[in-house]
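# Examination of the molecular architecture
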Amino acid sequence: MRLLGLAVATAAGLAAACGQGTVYFTLEAPSEQSLSPLADPRADSIVLTDERTLVQLGPPVSAKGEAGVETAIGPIRVGTYDVRMSVRGGGLLLGLARTRDVTITSGILNEVTLHLRKPLAFYGAGRAIAPAGMQALPAAAQLMALDTTLPALTEFPAMAELGDPGPARATASTHDGRFLLVGTKSDIDVVDTLTIRRSGRVTLPGATAIRSIAVAPDDHAAAVVTDQGVVVIADLPSLLAGRSPGELLLVLKDPAARVAAFHPDSSQIAVIAGPPWENAADNCAKAPPATLYTFPVDGVAPAARMAPPGTTDVAYDAQGNVLMASPCNAPGVIFENGARPPVGGPGVYDIISVGDRIAGVLGTIREQPVPIDPDSPRTKDPTRPFGELFVATATGVSRVALPLPKQPLDFVGADGFPVAIPPLSPDRFDAYDVALSPDGTHLLIASRLRYSYVTKTGMPQRYFELKQSNITDYYCDLEFIENVYRLFEVDISSGALGYQAIKGIEDGKCSTQCYDCTFGCRPVGSATRSDCRLSSGFAPSGISILMGSS
Amino acid sequence: MALAMLSAVARPSLAEERRRVAVLEFRAGVEQVQNLGGRIAERLKKTTALTVVDPQEARRRSAAIDAAVARCAGDAPCVAKVGTSLEVDEVLLLGVSKVGDVVLALQRIDVETQAVTGQLSEVLPSAEEVEDKKILGWLRQLYPPEVFKRYGFIVVTANVDGATVTINNQPRGETPLEGKLKVLAPRSYRVELAKPDYSPFAARIDVPPDATVEVRAEMTRAAGLLPWYKRWYLWAIVGGVAVGAAVGVAVYSLQPDSTNVMGFIQR
């Protein structure tokens with residue numbers, strides 16, 4: 001009996017061990033290889049983290065392995081977590097899954113599905129540029145995408161077929177990255193990011209242009225800003241599941257509504273009604289007025305008050321303070337009611353607020369000396385133009401210089417000879433739409449850069465002159481103002497550029513003329529100035545990155 | 001811990017609640033991607049709780065099935081009638097044609113309503129082989145996630161009535177339990193029975209998909225008014241400690257840990 005007692009004691013211990021409980025984190029990734037982070041040959045580790053405390057849940061495990069394989073990650077403390085799973089490789093974030101409010105209980109079998117997605121960036125077109133001159137750039141597709149994990153210049157073929165034949169105007173992803181909301185003229189299309197295929201649609205009555213979309217942090221609601229005002233989709237989960245979201249009401253009637261943001265606890269919405277960004281900073285002395293609205297998600301009685309003139313964006317910080325961006329505002333991004341001092345600087349159109357970080361891109365341009373100018377290697381004391389981005393945290397503000405591209409002029413003048421002018425630095429930089437990658441390391445920026453070759457009074461400027469005895473015999477001039485719409489990705493800590501591409505060119509003015517001054521300066525050849533205008537492409541807008549911030 | 005007898009027998013479960021799907025193929029003279037219908041049926045069998053009739057089984061049930069499907073030329077009501085003859089609830093029709101590249105069309109046709117309830121098309125470059133992962137991707141697009149949940153059953157019997165039955169700490173009733181308990185599979189479960197004056201019973205079982213595991217618990221009365229030195233469990237504790245520090249520490253450290261669970265990542 002004593003021997004039996006010994007045997008039973010051991011058996012009792014072993015049996016007790018079975019009562020600890022387990023948790024299975026099951027990965028769901030797209031089957032399409034180009035969409036799956038696990039299929040990326042660079043993937044080498046998987047890390048589980050609690051987003052509430054930033055504590056790692058278990059050690060990193062290898063990302064290599066066959067489907068169906070279970071990998072033990074050791075003991076996990078019971079509790080409730082916001083689980084974040086990162087797939088990393090080569091120093092890059094290759095994939096991410098986020099699931100909120102995961103409760104792990106002891107003594108039972110816990111099952112958690114993690115929906116793994118690449119941090120794809122999606123964008124549409126705010127405006128098509130009417131073509132003039134040679135058609136140089138492609139028109140916008142319905143929905144365009146970038147794989148932010150791949151090398152520069154790699155566009156990702158977006159496969160969604162939207163209902164509206166025109167390009168998307170706005171995009172926003174759910175917090176868990178499983179769905180992308182795409183706004184066209186009057187429809188919200190739901191795109192399932194597992195397959196990049198449309199899985200649902202809802203039409204907003206009365207709207208003819210969707211301007212922006214905001215998704216609540218808890219993924220329970222969405223605010224859609226249209227040319228009529230703001231529609232709140234209060235039952236977003238139903239729309240995402242392919243069911244009717246119920247009646248959609250115009251909660252805020254204001255045709256000037258431009259952009260919306262959700263409070264961090266998803267209970268409140270802030271809306272800015274004001275000018276489009278193109279009008280906001282053209283003349284800061286007469287900046288158009290703007291209004292700030294805030295209201296609960298159920299849309300009762302929006303409270304309105306004045307916002308700084310020319311305000312173009314609104315956001316909340318982690319404490320629930322309202323922030324506003326007005327590019328005319330010299331101090332930069334301001335907090336409503338002076339909750340905190342302003343941050344940034346002038347020319348900020350779009351605010352990124354995530355966690356305790358506030359980031360944006362300024363409109364300032366500074367020529368800074370560089371060792372060598374790659375565009376003009378023989379130039380003495382070369383300088384290059386730099387913009388600036390800022391990141392403000394509780395401990396301070398860091399600023400990073402952002403190299404801006406020069407614009408070469410490669411067309412023929414009125415005299416049939418090439419216009420020989422060094423590449424131009426931009427004289428204006430408007431970063432009107434910005435999105436931050438989910439790992440917080442990269443900004444995707446839609447910008448307008450203006451290049452000019454005119455005198456200070458806006459008249460054509462001479463670029464070529466022949467003189468004899470200090471008297472002008474012959475000269476040619478150029479009148480040139482060009483807006484270039486660029487999409488580019490920048491490392492937020494170093495300012496290094498990654499992906500960059502010109503999406504649109506719009507010449508306000510481009511003409512040349514040459515003059516013979518032998519007997520008074522007269523135009524050579526035709527009296528009409530030679531037109532060199534080129535316009536094509538589109539202005540990208542509505543940028544979002546899956547599980548990122550915009 | 002009381003002595004207890006456990007008898008766990010896994011046997012195939014009845015398919016009374018499972019939807020029956022026939023996978024049929026219709027080819028327009030295309031020789032590529034042979035046996036794709038069979039492979040799709042195999043994937044369905046392995047990953048879903050559906051009862052699947054693959055193309056070979058369909059031919060066994062009806063020798064003229066291929067000709068009947070060909071005559072339908074993809075017409076849903078016609079294909080639904082073919083499904084009726086096979087005594088299934090749904091037909092998953094695979095159409096294979098070639099226009100330069102190979103074009104696949106998959107359609108779910110409900111036999112009762114004769115309507116198409118889901119479809120997708122895919123274009124394959126002629127030389128491309130179709131991987132199992134791709135087939136699974138198609139099926140996940142066509143079928144809702146619930147279909148991919150698989151189940152097994154647990155039957156619990158005991159030699160005493162009125163014992164509380166819990167499975168993974170969830171109460172499931174008292175003995176005698178009626179019928180079978182439906183659970184997700186394949187999974188491990190901890191089955192516990194408890195009744196006052198009886199020593200508790202616990203066992204860990206693994207439930208395979210579509211199987212029924214029977215747990216027959218033999219519960220014994222708790223030790224009565226015996227002198228302390230005659231109670232067997234005292235000797236168990238004393239014996240555990242007496243053997244040496246290793247066993248004593250092992251027994252102690254293996255006590256149920258209520259603050260942690262074991263974690264796994266499953267692809």
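What you see is a predicted model; the values in this text were computed from it and never measured.

## Notes on the overall build of chain B
- Summing up its helical and strand segments, chain B has seven helices and 14 strands in all.
- By residue count, 28% of the 267 residues in chain B fall in the buried class.
- Restricting the contact set of chain B to residue pairs at least 6 apart, pairs at least 24 apart contribute 58%.

## Considerations on the overall build of chain A
- The helix and strand inventory of chain A stands at three helices and 38 strands.
- Considering chain A as a whole, with its 550 residues, one finds that 46% of them fall into the buried category.
- In chain A, once contacts between residues fewer than 6 apart in sequence are set aside, the share between residues at least 24 apart is 56%.

## Some remarks on the confidence of the model for chain B
Residue and element names in this part refer to chain B.
- Taken residue by residue, chain B gives an average pLDDT of 77. The fraction at 70 or more is 79%.
- A low-confidence stretch, residues 1-16 stays under pLDDT 50, and its non-local contacts, those more than four residues away or across chains, total 37 contacts.
- Across the interface, the model reports ipTM at 0.71; the global pTM reads 0.66.

## Describing the nonpolar core
- Within the largest apolar cluster, 139 residues are counted, with the highest numbers of intra-cluster contacts made by Ala 222, Val 230, Val 271 and Val 314 of chain A.
- Two domains share this core, each providing at least three of its residues, namely domain 1 (21-115) and domain 2 (159-343) of chain A.

## Considering the environment of Asp 82 of chain A
All names here are of chain A.
- With respect to the helices and strands, the residue Asp 82 is situated in strand β5 (residues 79-89).
- Taking the C-alpha atoms as reference points, Asp 82 and Thr 103, separated by 21 residues in sequence, lie 9.0 Å from one another.
- In contact with Asp 82, not counting residues within four places along its chain, are Asp 50, Glu 51, Arg 52, Arg 100 and Asp 101.

## Here we look at the environment of Asp 373 of chain A
All names here are of chain A.
- Among the secondary structure elements, Asp 373 is positioned in the loop between β28 (366-369) and β29 (383-393).
- The spacing of Asp 373 and Thr 383 is 10 residues in sequence and 6.8 Å in space, taken between C-alpha atoms.
- Ignoring sequence-local partners within four residues, the contact set of Asp 373 consists of Thr 379, Pro 382 and Arg 384.

## Considerations on the packing of helix α3 (residues 65-72) of chain B against helix α4 (residues 76-85) of chain B
Residue and element names in this part refer to chain B.
- Between α3 and α4, the least distance of the axes is 8 Å, while the angle of their chain directions is 160°. Here α4 runs roughly antiparallel to α3, going by the angle between their axes. Classified by chirality, the crossing of α4 by α3 is right-handed. Along the contact surface, α3 presents Ile 65, Ala 68, Val 69 and Cys 72, while α4 presents Cys 78, Val 79 and Val 82.

## Let's talk about the sheet that holds strand β5 (residues 101-110) of chain B
Residue and element names in this part refer to chain B.
- Taking strand neighbours across the sheet as the criterion, the five strands line up as β3-β2-β4-β5-β6 in an open arrangement whose pairing is mixed. Looking at strand neighbours, the two that pair on one side only are β3 (51-53) and β6 (115-124), the edges of this open sheet. Strand-to-strand twist of the sheet, defined as the mean angle between neighbouring strand axes without regard to direction, takes the value 20°.
- Two elements, strand β2 (residues 20-27) and β3, share three bridges in a ladder whose sense is parallel. Residue pairing across strands places Arg 20 opposite Thr 51, the latter belonging to β3.
- Seen against the sheet, α4 touches β2, β4 (90-99), β5 and β6 and runs at an angle of roughly 130° to β4.
- Helix α5 (residues 132-142) rests against β5 and β6 of the sheet, and its axis sits at about 150° to β6.

## Quick look at α4 of chain B
All names here are of chain B.
- When α4 is considered as a whole, its buried residues turn out to be Ala 76, Val 79, Ala 80, Val 82 and Gly 83. The buried residues of α4 occupy an angular sector of 155° when projected down its axis, which confines them to one face.
- At the C-terminal side of α4, Glu 87 shows a positive phi close to 60°.

## So, the packing of helix α1 (residues 36-47) of chain B against α5 of chain B
Residues and elements named next belong to chain B.
- As a packed pair, α1 and α5 sit with axes 10 Å apart at the nearest point and diverge in direction by 70°. One way to sum up the angle between α1 and α5 is to call them roughly perpendicular. In this structure, α1 contributes Arg 39, Ile 40, Arg 43, Leu 44 and Thr 47 to the contact, and α5 contributes Asp 132, Ile 135, Leu 136 and Leu 139.

## Notes on the environment of Ser 238 of chain A
Residues and elements named next belong to chain A.
- Tracing the backbone through its elements, the reader meets Ser 238 in helix α2 (residues 236-240).
- Judged by local crowding, Ser 238 falls into the partly exposed class, with 15 C-beta atoms found within 10 Å.
- Separated by 18 residues in sequence, Ser 238 and His 220 place their C-alpha atoms 9.2 Å apart.
- The contact partners of Ser 238, leaving out residues within four places of it in the chain, are Arg 243, Ser 244 and Pro 245.

## Notes on the sheet that holds strand β25 (residues 334-335) of chain A
Residues and elements named next belong to chain A.
- Read from one edge of the open sheet, three strands run β23-β24-β25, paired in antiparallel fashion. Whereas interior strands pair on both sides, the edge strands pair on one side only; in this sheet they are β23 (313-316) and β25.
- Pairing analysis gives four bridges linking β23 to strand β24 (residues 322-325), with the strands arranged antiparallel. Looking at β24, one finds that Ala 315 is bridged to Leu 323.

## So, unusual backbone geometry
- Along the chain, Thr 175 of chain B connects to Pro 176 of chain B via a cis peptide bond; the corresponding omega equals 0°.
- Inspection of the secondary structure assignment puts Pro 176 of chain B in the loop between β9 (170-174) and β10 (181-184).
- Unusually for a residue other than glycine, Leu 54 of chain A sits at a positive phi of about 65°.
- If you trace the backbone, Leu 54 of chain A turns up in the loop between β2 (45-50) and β3 (61-62).
- Leu 54 of chain A sits in the exposed class, given 9 other C-beta atoms within 10 Å.
- One non-glycine residue, Ser 266 of chain A, lies in positive phi territory at about 70°.
- Of note, Ser 266 of chain A is situated in the loop between β19 (257-262) and β20 (268-273).

## Details of the pairing of strand β13 (residues 187-192) of chain A
Residue and element names in this part refer to chain A.
- Where strand β12 (residues 179-183) lies against β13, five bridges are found, and the strand directions are antiparallel. Counterpart to Leu 180 in the pairing with β13 is Val 191.
- Hairpin remark: β12 followed by β13, antiparallel, with three residues in the connecting loop.
- Pairing geometry for β13 and strand β14 (residues 197-203), over six bridges, is antiparallel. Of the residues in β14, the one forming a bridge with Val 190 is Gly 200.

Definitions and cut-offs
- Residues numbered from 1 in each chain as written.
- Chains lettered and ligands numbered in written order.
- Predicted model: local features only at pLDDT ≥ 70, side-chain atom pairs only at ≥ 80, totals over all residues.
- Helix = DSSP H or I, 4+ residues; strand = E, 2+ residues; numbered from the N terminus.
- Buried ≥ 20, exposed ≤ 12 C-beta atoms within 10 Å, placed from the backbone.
- Contact = placed C-beta atoms within 7 Å.
- pLDDT = per-residue confidence, 0-100.
- Core = buried A, V, L, I, M, F, W, Y, C linked by C-beta atoms within 7 Å.
- Domains from an automatic or database assignment.
- Axes fitted to C-alpha atoms, helices over the stretch in contact; angles between N-to-C directions.
- Parallel < 35°, antiparallel > 145°, perpendicular 65-115°, else oblique.
- Left-handed = near helix turned anticlockwise from the far one by under 90°.
- Pairing = 2+ DSSP bridges.
- Arc of directions from axis to C-beta.

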